[in-house]
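Here is what each chain is made of, one letter per residue.
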Amino acid sequence: MSRSIWFVAEHQDGQLHRGAAELAAAARAVGDETVAVVCSAPGGTVAQQVAPFADRVLLVEDPSLEPYTAGIWAQAVVALAKEHAPAAILLPHAPLGRDLGPVLAARLEAGLMTDCIALEWDEGLVGKRSVLRRKLVARERVTTSIAVATCQRAAFSAVAAGEPGTVETVEPSIDAEAARTRFVAMERAEMGEENITEADVVVAGGRGLGDAEKFGVVQDLAAALGGVMGASRPVVDQGWVAHDRQIGSSGITVRPKLYFALGISGAVQHVVGMRESDVIVAINKDPQAPIFEYAHYGIADDLFKVVPALLAELES
Amino acid sequence: MRIAVCMKAVVEPQSRIELDGDGNLRREQLRYEVNEYDLYAVEEAIRLVDSNDGEVTVITLGTEGAVQGLRKGLAMGAADAIHIDCDPYALDPSGVAALLAAALREGAYDLVLAGVESDDLGGAQVGVLLAEELGYAATTLVVGTSAPSEGSMEVRRELEAGEHSTVEIQLPAVLTIQSGINEPRYPSLKGIMAAKRKELVEKTPADLGFAELPLPRVAALGLELPPPRELARMLEGSAEETAAELVRILREEERAL
Ligand SMILES: Cc1cc2nc3c(=O)[nH]c(=O)nc-3n(C[C@H](O)[C@H](O)[C@H](O)COP(=O)(O)OP(=O)(O)OC[C@H]3O[C@@H](n4cnc5c(N)ncnc54)[C@H](O)[C@@H]3O)c2cc1C
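Since this is a predicted model, take the numbers as computed values, not measurements. Numbering of residues begins from 1 in every chain and follows the order in which that chain's sequence is written. Labels are handed out in written order, letters beginning with A for the chains and numbers beginning with 1 for the ligands. A pLDDT threshold of at least 70 governs which residues receive local features in this predicted model, and a stricter bar of 80 or more applies before side-chain atom pairs are shown or counted, although totals over entire chains, interfaces and linings include all residues. Side-chain numbers come from the whole structure's heavy atoms, not from hydrogens or water.

1. Things to note about the overall build of chain B
Helical segments are the DSSP runs of H or I of at least four residues, strand segments are the runs of E of at least two, and each set is numbered from the N terminus. Along the backbone of chain B there are six helices and 13 strands. The rule is simple: take the accessible area with a 1.4 Å probe, protein chains only, and divide by the maximum for that residue type; under 20% is buried, over 50% is exposed, in between is partly exposed. For chain B, the proportion of its 257 residues judged to be buried stands at 50%. Only heavy atoms enter the contact rule, under which two residues are in contact if any of them lie within 4.5 Å. In chain B, the share of contacts with a sequence separation of at least 24, taken over all contacts with a separation of at least 6, comes to 67%. Calculation of accessible area relied on Shrake-Rupley with a 1.4 Å probe; when residues are assessed, cover is drawn exclusively from the protein chains displayed. By element, 48% of the accessible surface of chain B is carried by carbon and sulfur atoms, the whole surface being about 11900 Å². A residue counts as positive if it is Lys or Arg and as negative if it is Asp or Glu; His and the chain ends are not included. By convention, charge coordinates are those of NZ in Lys, CZ in Arg, CG in Asp, or CD in Glu. One finds the centroid of the 24 positive side-chain charges in chain B at a distance of 4 Å from the centroid of its 45 negative side-chain charges.

2. Points about the pairing of strand S13 (residues 201-205) of chain A
All names here are of chain A. Within S13, five of the five residues are buried, which leaves it mostly tucked inside the rest of the structure. Where burial is concerned, the two faces of S13 agree: the one with Val201, Val203 and Gly205 and the one with Val202 and Ala204 are both buried. Strand pairing is assigned whenever DSSP identifies at least 2 bridges connecting the two strands. Relative to strand S15 (residues 258-262), S13 is paired through five bridges, and the arrangement is parallel. Residue pairing in the sheet places Gly205 in a bridge with Leu262 of S15. Here four bridges tie S13 to strand S14 (residues 228-231), and the two strands are oriented parallel to one another. Each bridged residue has a counterpart across the sheet, and for Val202 the counterpart in S14 is Val228. After leaving S13, the chain enters helix H5 (residues 216-224) and then returns to the sheet as S14, a path that is right-handed. Handedness is read with the strands pointing away from the viewer; a crossover is right-handed when the path from the first strand over the helix to the second is clockwise.

3. Notes on the sheet that holds strand S10 (residues 173-177) of chain B
The strand order across the open sheet built from 10 strands is S12(A)-S9(B)-S8(B)-S7(B)-S10(B)-S6(B)-S1(B)-S4(B)-S5(B)-S11(B), with neighbouring strands paired in mixed fashion. On the outer flanks of this sheet lie strand S12 (181-187) of chain A together with strand S11 (199-203) of chain B, each paired with one strand and no other. Between one strand axis and the next, the sheet turns through 30 degrees on average, direction left out of account. Relative to strand S5 (residues 80-85) of chain B, strand S4 (residues 55-62) of chain B is paired through six bridges, and the arrangement is parallel. Within S5(B), the residue paired with B:Ile59 across the bridge is B:Ile82. A fitted line through C-alpha atoms serves as each axis, taken over the contacting stretch for helices, and the angle formed by two N-to-C directions is quoted from 0 to 180°. Sheet contacts for helix H1 (residues 36-52) of chain B: strand S1 (2-7), S4, strand S6 (111-115), strand S7 (137-145), strand S8 (152-158) and S10 of chain B; angle to S1(B), the most-contacted strand, approximately 170 degrees.

4. Quick word on helix H4 (residues 95-107) of chain A
Residue and element names in this part refer to chain A. When the terminal C-alpha atoms of H4 are compared, their 19 Å separation across 13 residues agrees well with the 18 Å that a helix rising 1.5 Å per residue should span. The axis of H4 is deflected most strongly, by about 25 degrees, at Gly101, and proline Pro102 appears within four residues downstream. Here H4 lies mainly inside the structure; 11 of its 13 residues are buried. Taken together, the buried positions of H4 are Pro95, Leu96, Gly97, Arg98, Asp99, Leu100, Gly101, Pro102, Val103, Leu104 and Ala105. Where H4 terminates, the next one or two residues include Glu109, which has phi positive at roughly 50 degrees. Given a helix with a known number of residues, its expected span is that number minus one, times 1.5 Å. Across the chain, bend at a residue is computed as the angle between axes fitted to the seven residues ending at that point and the seven starting from it.

5. A closer look at the environment of A:Val235
Within the secondary structure layout, A:Val235 lies in helix H6 (residues 233-237). Each C-alpha atom of the pair A:Val235 and A:Lys82 lies 45 Å from the other, and the pair is 153 residues apart in sequence.

6. Things to note about helix H3 (residues 93-104) of chain B
Residues and elements named next belong to chain B. The terminal C-alpha atoms of H3, which comprises 12 residues, lie 16 Å apart, in line with the 16 Å expected from a rise of 1.5 Å per residue. Within H3, 11 of the 12 residues are buried, which leaves it mostly tucked inside the rest of the structure. Turning to H3, its buried residues number three or more, namely Ser94, Gly95, Val96, Ala97, Ala98, Leu99, Leu100, Ala101, Ala102, Ala103 and Leu104. Check the buried side of H3 and you find it contacts S1, S4, S5, S6 and helix H4 (126-134).

7. Focus on the confidence of the model for chain B
Predictor confidence is given residue by residue as pLDDT, running from a minimum of 0 to a maximum of 100. Across chain B, the average pLDDT comes to 96, with 100% of residues at 70 or higher. Here the predicted complex scores 0.95 on pTM and 0.95 on ipTM.

8. Digging into the site of the ligand
Around the ligand, 31 residues are found, and the nearest of them are A:Ser232, A:Ser250, A:Ser265, A:Gln269 and A:Asn284. Per-site note: the chains with residues close to the ligand are chains A and B. In the model, an oxygen atom of the ligand is placed 3.0 Å from a nitrogen or oxygen of the A:His270 side chain. Calculation on the ligand without its partners gives an accessible area of 990 Å², and the protein chains cover 88% of this total. A class-by-class count of the residues in the shell around the ligand yields eight nonpolar, 14 polar and nine charged. Proximity is defined per residue: if any heavy atom of the residue lies within 4 Å of a molecule or strand, that residue is considered near it. Contacts described as polar in this section are N or O atom pairs within 3.5 Å, which, within protein, must combine one atom able to donate a hydrogen with one able to accept it, while residues neighboring in sequence count only if both atoms come from side chains. Residue polarity follows a fixed list, in which Ala, Val, Leu, Ile, Met, Phe, Trp, Tyr, Cys and Pro are nonpolar, Asp, Glu, Lys and Arg are charged, and the others, Gly among them, are polar.

9. Focus on the interface of chain B and chain A
With 79 residues of chain B at the contact, the number on the chain A side is 78 residues. Accessible area that two parts lose when put together, evaluated with a 1.4 Å probe and summed over both, is termed the buried area. For the pair chain B and chain A, the summed buried surface comes to about 6700 Å²; carbon and sulfur atoms form 54% of the total. A pairing counts as a salt bridge when a side-chain nitrogen of Lys or Arg comes within 4 Å of a carboxyl oxygen of Asp or Glu. Applying the counting rule to chain B against chain A returns 11 salt bridges. The tally of links between chain B and chain A comes to 39 residue pairs in polar contact (both at pLDDT 80 or more). If you list the elements that add at least two residues to the side of chain B that touches chain A, you get H1, H4, S7, S8, strand S9 (164-170), strand S12 (218-224), strand S13 (233-234) and helix H6 (239-253) of chain B. Looking at which element gives the most residues to the side of chain B that touches chain A, the answer is H6(B), with 11 residues. For the side of chain B that touches chain A, the per-class residue count stands at 42 nonpolar, 16 polar and 21 charged.

10. Examining the packing of H1(B) against helix H2 (residues 67-76) of chain B
Working note: a packed helix pair is described by the angle between its axes plus the distance between those axes. Residue and element names in this part refer to chain B. At a minimum axis separation of 10 Å, H1 and H2 run at an interaxial angle of 30 degrees. When the axes of H1 and H2 are compared, the pair comes out roughly parallel. Crossing geometry of H1 relative to H2 is assigned as right-handed. Along its contact with H1, which presents Leu39, Val42, Glu43 and Ile46, the element H2 presents Lys72, Gly73 and Met76. For the contact of H1 with H2, the class distribution of residues is four nonpolar, one polar and two charged. Orientation is classified from the angle alone, with under 35 degrees giving roughly parallel, over 145 giving roughly antiparallel, 65 to 115 giving roughly perpendicular, and any other angle giving oblique. Note on convention: the crossing is left-handed when the near helix lies turned anticlockwise from the far helix by less than a right angle, right-handed when the turn is clockwise.

11. Focus: the environment of B:Glu254
Following the sequence through the fold, B:Glu254 ends up in the segment after H6. You can call B:Glu254 partly exposed: its relative accessible area is 31%. Dropping the residues within four chain positions of it, B:Glu254 is found in contact with A:Val279, A:Tyr297 and B:Ile249.

Structure follows, in structure tokens:
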């Protein structure tokens, strides 16, 4: 029997998310047939946008499907999956998949693997995921007849657009009255005072700085290098610096000529926001910190010793 | 308002992570702490009952070591605690959710909060699976809550790249709480003393109607070291030496300064 792998197409304001082509790549690697599931309001073009990445598109249209809420999307996808019994349903490990993935898994009595960085088919869907702060990789297999998995962003290289797959419009099976979550409003990102995405040099500090006062050395080094200061999330959460400095998946993405990571461990949500930088320097006292996998130059030492030495050296 | 908060003991980041000859994790050298995201959840629950009346129950599933997290939750201000005594490594997330649901069902909670994910395994699924078990609505990545009114509440949900959405959710509900929503309090000495007199209910899976543990839907196949990547060129020596070498490289080789 041919193995059909579905992925749920992510979209907003009528635009397909570019991560869809990554999910298509993941689906293609493990299945015979790649099917995109599109949940949208009538009249959109998301199905046409995703068609070049799939063999088939299943399009469910209903006004209640936009803007997204997990409850109504789940109704639509579960009904389809019960009817067609795909081998697996893939979602992005992003707000969409975190919300919807477990609901699909529960209602389809399916096993769920989250944040997968690789997938293969070996008597079932087998996934790899990073655990213990990226120090180990776990291999898991879903043992139920339908598998659900969420895929880490950028872990799969996007497939190129091909011959568009056929689009089939399916009758929605939705009871909007039964939904218990309702979309209220959307807030766009606020722009900061200093546009750090355009800086040539970004010096970012993490939790390893210890407190707001000691975080000052990050600013000192940024100033000495003629660059701007950035931060990892815990620094922003604790209010040491403003929100617009946060680099990573829930903050901003930077691509400077030179990036310094001081006291930052290198969690994937941070790394996605800086790994494209031309030259990356990491200073971290833990020689096993994952940030060294992304850095071009590393110093495994106490930053409170190295940064003052750097400041002295830059002055000379 | 009755709120339950799920707490998990997670592997401390400083623990030595090693595999033995059979590829199994050397568990004896792991140390545990409370999952940081769960502390944000406890704090949010306490704030919600402080301004809207009610009580907070903290719950954990784990071996004896997990109880330390409950004590912290009680010291922060929870009224009582439930410990499900069970080896968490014997369950997959759907099993954890089934046991938690069995322990929480009778409590008729208006709200169940959980951390957005665990810091060690990062599954990010127990909260929502629990909601489905209980028949509750769920929303993930919550960075703001508002006072409930007429059986529902508005929550602020974090999306990517600085975007947020506001969602209205009907109670009872499960919310998974993201960092930054609040600043978790440190338990006061008074809180720590008071915690010792609070009720901590012990339950076994059998007490919850599980003669046998639920079968996993996801099987663990094994652990491996991460694939080797292009590692950084590591600079060695004293701080003065590494600093001088780095500045030389950035100036002369990379021409980045
Ligand atoms: C949905 C979601 C979205 C997220 N979005 C983001 C995001 O946009 N951006 C982001 O950054 N994170 C984000 N995170 C959080 C992310 O998972 C990590 O928790 C975070 O990046 C860790 O920050 P850190 O490296 O500063 O802290 P830690 O992981 O605590 O690392 C601190 C590091 O400092 C080192 N250190 C300590 N003292 C010293 C010293 N004296 N000298 C040198 N080194 C020292 C330690 O060895 C350690 O490696 C998100 C998480 C989730 C779940």
